[in-house]
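# Survey of secondary and tertiary structure
For reference, the chains in residue letters:
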Amino acid sequence: MVASAMSTPKFCRGQSVCFIGGQGTIQSYQPEAGTWAYQVEMEMGLEPDFGRVGHETRVVLAEAELESL
């Protein structure tokens, strides 16, 4: 068994964060390449004239790309 010196996640589920291109809410996270990767659900903007096509957009971002609100 190999011991890991990986740090704990900086953000938690449900936390509001911002990043280049928008802001959103942390949905999940997992360790990846010595850091944490976060699945972030972006906030919905105003509904366009033609209606919604689908649900909110989710993006996967590295911890270094996020800031708390």
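Scope of this entry: the structure provided in the associated data block. (Residues numbered from 1 in each chain as written. Predicted model: local features only at pLDDT ≥ 70, side-chain atom pairs only at ≥ 80, totals over all residues. Heavy atoms only, no water.)

Turning to the packing of aromatic side chains, a few remarks are in order. By the definition in use, this model includes three aromatic pairs. Arranged with centres 5.6 Å apart and planes meeting at 80°, the rings of tyrosine 29 and tryptophan 36 form a pair that is edge-to-face. Owing to a relative accessible area of 13%, tryptophan 36 belongs among the buried residues under this scheme. When the ring of tyrosine 29 is compared with that of tyrosine 38, the centres are 5.7 Å apart and the planes differ by 45°; the resulting orientation is tilted. Note on tyrosine 38: relative accessible area 0%, which makes it buried. Members of the aromatic cluster, joined through ring pairs, are Phe11, Tyr29, Trp36 and Tyr38. Directly above the ring of tyrosine 29 sits arginine 13, whose terminal nitrogen or CZ lies 5.0 Å from the centroid. (Phe/Tyr/Trp six-rings, centres within 6.5 Å; stacked < 30°, edge-to-face > 60°. Buried < 20%, exposed > 50% of the residue type's maximum accessible area, 1.4 Å probe, protein only. Lys NZ or Arg CZ within 6 Å of the ring centre and 35° of its normal.)

The subject of this paragraph is the pairing of strand S2 (residues 22–32). Regular strands place side chains that alternate from one sheet face to the opposite one. Relative to S2, strand S1 (residues 16–19) is paired through four bridges, and the arrangement is antiparallel. Bridged to valine 17 within S2 is glycine 24. Hairpin geometry of S1 and S2 is characterised by an intervening segment of two residues between the two adjacent antiparallel strands and by a positive phi of about 110° at glycine 21. Counted between consecutive antiparallel strands, the loop separating S2 from strand S3 (residues 35–42) contains two residues, among which alanine 33 sits at a positive phi close to 55°. (Pairing = 2+ DSSP bridges. Helix = DSSP H or I, 4+ residues; strand = E, 2+ residues; numbered from the N terminus.)

Each strand in a sheet pairs with another by means of backbone hydrogen bonds, the pair being arranged parallel or else antiparallel. Strand order in this open sheet of five strands is S4-S3-S2-S1-S5, and the pairing throughout is antiparallel. Only two strands of the sheet have a single partner each, and these edge strands are strand S4 (58–62) and strand S5 (67–68).

Turning to the pattern of salt bridges, a few remarks are in order. All told, the structure shown has one salt bridge when counted by the stated rule. Here arginine 58 makes a salt bridge to glutamate 41, at a shortest N to O gap of 3.0 Å. Of this pair, arginine 58 sits in strand S4 while glutamate 41 sits in strand S3; the two residues are 17 residues apart in sequence, bridging distant segments of the chain. The exposure class assigned to arginine 58 is partly exposed, which follows from its relative accessible area of 44%. (Salt bridge = Lys/Arg side-chain N within 4 Å of Asp/Glu carboxyl O.)

Time to look at the environment of valine 17. Among the structural elements, valine 17 can be located in strand S1. Taking the relative accessible area as the measure of exposure, valine 17 reaches 0% and is therefore buried. Remark: the alpha-carbon pair of valine 17 and glutamate 65, spanning 48 residues in sequence, is separated by 9.9 Å. Apart from residues lying up to four places away in sequence, valine 17 is in contact with Phe11, Gln23, Gly24, Ile26, Val40, Leu66, Glu67, Ser68 and Leu69. (Contact = heavy atoms within 4.5 Å.)

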